[in-house]
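Reading the structure
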Amino acid sequence: MSNGNNGNVDLNNVFSQDSQITISEGDRLKFAKQVLFWLGIICIGVFISYGFAPENKALTAIFELIKIGALPLVTLVVSFYFPNSNN
């Protein structure tokens, strides 16, 4: 089954050299909104679940992961797309 390239794909053969693949700002903003929405849903779900069963060790670990990891990520994305307008 091996063809000698270990499953690697040469992108120069897939895309021509002069192709300009771009994503518009509107599409990037839409993607960021979708990511933030689903991250928010997950965070709220974990917080509510933790409130009902704080003695569950697995849920406590997920709660800590969300609290320490996901919430700063959300604020970073929000601050990137909505910078301070005082400047």
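In this report, the structure presented in the accompanying data block is examined. Only a predicted model underlies this, so the values are computations on that prediction, with no experimental measurement involved. (Residues numbered from 1 in each chain as written. Predicted model: local features only at pLDDT ≥ 70, side-chain atom pairs only at ≥ 80, totals over all residues. Heavy atoms only, no water.)

1. Remarks on the packing of aromatic side chains
Aromatic rings in a pair are described by how distant their centres are and how their planes are angled relative to each other. On inspection of all chains with the given rule, the structure shows 3 aromatic pairs. A ring pair is formed by Phe37 and Trp38, whose centres lie 5.0 Å apart and whose planes are at 80 degrees; its orientation type is edge-to-face. We classify Phe37 as partly exposed; its relative accessible area is 46%. Consider the rings of Tyr50 and Phe63, whose centres lie 4.1 Å apart with planes at 5 degrees: the pair is stacked. In this pair, Tyr50 sits in helix H2 (residues 25–52) while Phe63 sits in helix H3 (residues 57–81), placing the two residues 13 residues apart along the sequence. Every member of this aromatic cluster is reached through a ring pair, and the members are Phe47, Tyr50 and Phe63. (Phe/Tyr/Trp six-rings, centres within 6.5 Å; stacked < 30°, edge-to-face > 60°. Buried < 20%, exposed > 50% of the residue type's maximum accessible area, 1.4 Å probe, protein only. Helix = DSSP H or I, 4+ residues; strand = E, 2+ residues; numbered from the N terminus.)

2. Section: the packing of H2 against H3
Where H2 meets H3, the axes come as close as 10 Å, and the angle between the chain directions of the two elements is 155 degrees. Classified by the interaxial angle, the pair formed by H2 and H3 is roughly antiparallel. As H2 packs across H3, the resulting crossing turns out to be left-handed. Facing Arg28, Leu29, Ala32, Leu36, Leu39, Ile42, Cys43, Val46, Phe47, Ser49 and Tyr50 of H2, the residues of H3 in contact are Leu59, Thr60, Ile62, Phe63, Ile66, Ala70, Leu71, Leu73, Val74, Val77, Val78 and Tyr81. (Axes fitted to C-alpha atoms, helices over the stretch in contact; angles between N-to-C directions. Parallel < 35°, antiparallel > 145°, perpendicular 65-115°, else oblique. Left-handed = near helix turned anticlockwise from the far one by under 90°. Contact = heavy atoms within 4.5 Å.)

3. Side note on H2
Since the α-helix advances by 3.6 residues per turn, residues separated by three or four positions end up pointing in the same direction. Its 28 residues give H2 an end-to-end C-alpha distance of 41 Å, which sits within 8% of 40 Å, the value for a rise of 1.5 Å per residue. The complete set of buried residues in H2 reads Ala32, Leu36, Leu39, Cys43 and Val46. Buried positions along H2 lie against H3. (Expected span 1.5 Å × (residues − 1).)

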